[in-house]
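Below are the chains, spelled out letter by letter.
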Amino acid sequence: MTAALVWGAGAAYAFMPQAGTWVVTSEVDGKPGRGLAIDVQNDTLLMQMYAYESNSQPTFYLAVGNVKDNVATAPLMRYTGGRFFGSNARSGVEAGSAGNMTIRFTSGTTGFVQFPNEPEKAIARFQFGYPAQTESLRGFWVFNSIGSEGVYTDVVELTSALGATANGNGLLASANGLFGCEHQVRGNLAGNVFCVKINNSGTVLRSYVMVYSVNDGEGYSVTAGSSSQQMLLIRRITDPRGTGTGLVYKSDEAPAASPAALVQALEHAAAQGLQP
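Residues numbered from 1 in each chain as written. Predicted model: local features only at pLDDT ≥ 70, side-chain atom pairs only at ≥ 80, totals over all residues. Heavy atoms only, no water.

Caption draft 1: Focus on the nonpolar core. Judged by nonpolar contacts, the single largest core of 21 residues is most densely connected at Ile38, Leu45, Met47, Met101, Ile103 and Phe115. Taken together, the elements giving at least two residues each to this core come down to strand S1 (20-24), strand S2 (35-41), strand S3 (44-52), strand S4 (58-66), strand S5 (71-80) and strand S6 (93-105). In this view, phenylalanine 115 contacts Val24, Arg34, Leu36, Met47, Met49, Leu76, Asn100 and Met101; residues no more than four positions away in its chain are not counted. Counting 17 residues, the second-largest nonpolar core is a separate cluster that includes Leu137, Val156, Leu158 and Ile234. (Core = buried A, V, L, I, M, F, W, Y, C linked by side-chain atoms within 4.5 Å. Buried < 20%, exposed > 50% of the residue type's maximum accessible area, 1.4 Å probe, protein only. Helix = DSSP H or I, 4+ residues; strand = E, 2+ residues; numbered from the N terminus. Contact = heavy atoms within 4.5 Å.)

See the structure below:
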């Protein structure tokens, strides 16, 4: 089964859109324009939009509404009179609504929005730091596979570029060469990231197909010789620079002790007569 069939089957489910910067895809041209900041928590959507008035003055709007069946409708509220750089404490006040906007999500990173006086337009989470290239896969990843075969977890660091395969644009592998991932640009899995885990003999142990955005992804995995697909959840825990991506994980190790301190500690422990 291809990834397209798996993602198509998810259309009946509710999506929790990924929080962050979203864009109207047809308006992305590298120049200043409109953009959205979207966050959905539980069933509440909060969307901030930066845009322009008819007189070309920049402005922003705030929309808050409930998401049901992947759709939310809410008024785009204007605000004025708030604090500016260097001002004293001031509170903004509502200055009317530009009208209702309706947003519907087709996945955690894609959807459509209809603004007042405009037709519906496609939107997507803006991946400005992670293009679909080999180097975007660099870092530590956790692969959690859950299904009828049980729970499998692989923690790998992808560090070694090995060149492109027939259907991909560049394979990035672990240092031992037993795990690798690649963006697929042609074939049945085009648009997905495909990963394999092998043993020392080169035999495939498990395959992974995923779609990811920035640091999180989803997909399915298949054990070699099995036709059963397991749900796959992926999390990047360090970025390509080795910086932790989570809430509390720190990528910096504690300051190194001197070699003499390690020697002294070992001698002290040995002197205690510890028994195996």
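Caption draft 2: How the structure looks around the pairing of strand S9 (residues 139-147). With nine bridges connecting them, S9 and strand S10 (residues 150-158) associate as antiparallel partners. In the strand pairing of S10, phenylalanine 140 is matched with glutamate 157. Taken together, S9 and the strand that follows it, S10, pair antiparallel across an intervening segment of two residues. Both S9 and strand S17 (residues 229-236) contribute to a ladder of six bridges, which runs antiparallel. Its bridge partner being in S17, phenylalanine 143 is matched across the sheet by isoleucine 234. (Pairing = 2+ DSSP bridges.)

Caption draft 3: Up close: the pattern of salt bridges. Applying the stated criterion across every chain, the model contains eleven salt bridges. Across the pair glutamate 27 and arginine 34 runs a salt bridge whose closest N-O atoms are separated by 2.7 Å. Using a relative accessible area of 27% as the deciding quantity, one classes glutamate 27 as partly exposed. Put simply, lysine 197 and aspartate 154 hold a salt bridge, and the shortest N to O gap is 2.8 Å. Taken together, the residues span a long stretch of sequence, with lysine 197 in strand S14 (residues 193-198) and aspartate 154 in strand S10 at a distance of 43 residues. Using a relative accessible area of 28% as the deciding quantity, one classes lysine 197 as partly exposed. If you follow the salt bridges from partner to partner, you end up with Glu27, Arg34, Glu118 and Lys121 in one network. (Salt bridge = Lys/Arg side-chain N within 4 Å of Asp/Glu carboxyl O.)

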